[in-house]
Amino acid sequence: MTSHQSPRISIIGYGSQGRAHALNLRDSGFAVTIGLRPGGPTEIKAIADGFTVKSPALAARDAELVAVLVPDMVQPQLYRDVLEPNMAKGACLLFAHGFNVHYAQVHPRADLDVVLVAPKGPGALVRREYEIGRGVPSVYAVHQDVSGKAEQLALQYCAGIGGARQNAIRTSFKEETETDLFGEQAVLCGGATKLVQAGWETLVAAGYQPEVAYYECLHELKLIVDLFYEGGITRMHEFISETAQYGALTRGEYVIDDHTRAQMRKILAEIQDGSFARQWIAEYQNGNANYKALKQADLEHPIEAVGKRLRANMKWLSATAQASTPASQAEQAMA
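Heads up: these notes are all about the structure in this document. These figures come from a predicted structure and were not determined experimentally.

Time to look at unusual backbone geometry. Residue Ala-104 is not a glycine yet carries a positive backbone phi of 60 degrees. Relative to the helices and strands, Ala-104 is located in the loop between helix H5 (99–102) and strand E6 (113–119). Judged by its relative accessible area of 38%, Ala-104 falls in the partly exposed class. Positive phi values are uncommon outside glycine, yet Asn-288 reaches one of about 70 degrees. By secondary structure assignment, the location of Asn-288 is in the loop between helix H14 (275–285) and helix H15 (289–299). Among the residues examined, Asn-288 registers a relative accessible area of 11% and is labelled buried.

Set out below in structure tokens:
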């Protein structure tokens, strides 16, 4: 690499995260090129945003730092076929999630610096917070430090996207990957979804109106999560009634009991020993039939039909949806 003062950066992928990183880095003074397959919808968007767009191979060849912001399952072949043969000797390879390096799906060349920078928020928030002079907290890690300046590069990138405006936390590829997967599976996505569905099913089976059950078990969850987000469990206790507090304190353990904790440890063990990663990789390689069936079952759960009908009368939601990109969308789509 010719210079660590202001590395030439290529962003591979222009989904929600890719676009936010690219715009923030450019506004921070970095030279940024976008690597995309020609002819895709994100190419049009990147050009409209004023970026030079090249094929991923050419973008990798011209860069001192290559940020891989495409979906996890696309990365191994992309690295093998495109990035590895084209990246300059001594360049830096950057990931926003450690999955493929940690689970040995990507084996970076020995001459490359390999780092991770992961903002703890969706791309739309990363961009919005940067624009108003703040930043989304980030974690960073170093996997290979060939140049002796890999950490400096990670922190430069982190600062460029606004993450260093907060307290950037050093982690490892292992810790970032395993905690991220656990949070998604046990709490944020898997745990929360099944808890909401089970609560709704319990009330409906007991004869309560599905619409009322929807409000109590799904709709109002946002009120609590917002309090968590703003000030933790302490803030929740400040704003809910004493009746709600007493019920939570005395009945929460009915649901989250020793069995639940044992199941959480099982989830973590399957992440730590690689069995979840192997299962997901095999599922993807075999066409995603089980994944698609499970997802369709979620989409067809009766609570979804009730919610769609009720949300049609919540006019404020359409304005909110237009103003932001949901984290559930493919944030790292390559094209």
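That was the structure; now back to the text.
A word on helix H4 (residues 75–86). Looking only at H4, the buried set comprises Gln-75, Pro-76, Leu-78, Tyr-79, Leu-83 and Asn-86. For H4, the angular spread of the buried residues around the axis is 145 degrees, confining them to a single face. The secondary structure elements touched by the buried residues of H4 are strand E1 (9–12), helix H3 (56–61), strand E4 (65–68), strand E5 (92–95) and H5.

Take the side chain of Asn-24 next. Along the chain, Asn-24 turns up in helix H1 (residues 16–27). Within polar-contact distance, the side chain of Asn-24 engages the backbone oxygen of Ile-161 at 3.0 Å.

The next thing to look at is the environment of Pro-76. Here Pro-76 lies in helix H4. On the basis of relative accessibility, which here comes to 11%, the residue Pro-76 falls in the buried class. Placed 133 residues apart in sequence, Pro-76 and Gln-209 show a C-alpha to C-alpha distance of 48 Å.

Counting residues in hydrophobic clusters, the biggest one holds 28 residues, and the most contacted among them are Ile-11, Ile-34 and Tyr-157. The biggest single contributor to this core is helix H7 (residues 150–160), with 5 residues. With sequence-adjacent residues up to four places away left out, Ile-11 is seen in contact with Gly-18, His-21, Ala-22, Leu-25, Val-32, Thr-33, Ile-34, Gly-35, Ala-67, Leu-69 and Tyr-157. Counting 23 residues, the second largest nonpolar core, distinct from the first, contains Ile-12, Phe-95, Val-139 and Ala-141.

Let us look at the packing of aromatic side chains. Considering all chains together, one arrives at 5 aromatic pairs under this definition. Where Tyr-14 meets Phe-51, the ring centres are 6.0 Å apart and the plane angle is 70 degrees; that geometry is what we call edge-to-face. You can see Tyr-14 sitting in the loop between E1 and H1 and its partner Phe-51 sitting in the loop between helix H2 (41–48) and strand E3 (52–54), a full 37 residues away along the chain. Like Phe-51, Tyr-14 is buried. On the numbers, 6.0 Å between centres and 70 degrees between planes, the contact of Trp-280 with Tyr-284 is edge-to-face. Of this pair, Trp-280 and Tyr-284 both sit in helix H14, 4 residues apart, which is roughly one turn of that helix. According to the relative accessible area criterion, Trp-280 is partly exposed, its value standing at 23%. You can call Tyr-284 partly exposed: its relative accessible area is 35%. Joined through ring pairs, the aromatic side chains of Trp-280, Tyr-284 and Tyr-291 make up one cluster. For the cation-ring pair, Arg-26 lies above Phe-51, with the distance from its terminal atom to the ring centre recorded as 4.1 Å.

In this section: the pattern of salt bridges. Applying the stated criterion to the full structure yields 15 salt bridges. Across the salt bridge formed by Asp-62 and Lys-54, the nearest N and O atoms sit 2.5 Å from each other. Linking Glu-129 and Arg-134 is a salt bridge whose minimum nitrogen-to-oxygen distance equals 2.8 Å. Residue class for Glu-129 comes out buried when judged on its relative accessible area of 13%. A relative accessible area of 44% means that Arg-134 is categorised as partly exposed. Linked through salt bridges whose partners overlap, the residues forming this network are Asp-27, Arg-127 and Glu-131.

Mapping Glu-43 onto the fold places it in helix H2. An unpaired buried charge is present at Glu-43: no salt bridge exists, and Arg-37, the closest side chain of opposite charge, is 9.8 Å distant. One polar contact links the side chain of Glu-43 to the main-chain amide nitrogen of Gly-39, over a distance of 2.6 Å. Discounting chain neighbours no more than four positions away, the residues touching Glu-43 are Leu-36, Arg-37, Pro-38 and Val-53.

This part takes up the sheet that holds strand E2 (residues 32–35). In space, the 8 strands of this open sheet follow the order E3-E2-E1-E4-E5-E6-E7-E8, with mixed pairing throughout. Whereas interior strands pair on both sides, the edge strands pair on one side only; in this sheet they are E3 and strand E8 (169–170). Relative to E6, E5 runs parallel, the two being bridged by 4 bridges. From the neighbouring strand, Leu-94 faces E6, where its bridge partner is Val-115. Across the face of the sheet, H4 comes into contact with E1, E4 and E5 while running at roughly 150 degrees to E4.

Cut-off values and rules
Residues numbered from 1 in each chain as written. Predicted model: local features only at pLDDT ≥ 70, side-chain atom pairs only at ≥ 80, totals over all residues. Heavy atoms only, no water. Helix = DSSP H or I, 4+ residues; strand = E, 2+ residues; numbered from the N terminus. Buried < 20%, exposed > 50% of the residue type's maximum accessible area, 1.4 Å probe, protein only. Arc of directions from axis to C-beta. Contact = heavy atoms within 4.5 Å. Polar contact = N/O pair within 3.5 Å; in protein donor to acceptor, adjacent residues only side chain to side chain. Core = buried A, V, L, I, M, F, W, Y, C linked by side-chain atoms within 4.5 Å. Phe/Tyr/Trp six-rings, centres within 6.5 Å; stacked < 30°, edge-to-face > 60°. Lys NZ or Arg CZ within 6 Å of the ring centre and 35° of its normal. Salt bridge = Lys/Arg side-chain N within 4 Å of Asp/Glu carboxyl O. Lys, Arg positive; Asp, Glu negative; His and termini not counted. Pairing = 2+ DSSP bridges. Axes fitted to C-alpha atoms, helices over the stretch in contact; angles between N-to-C directions.

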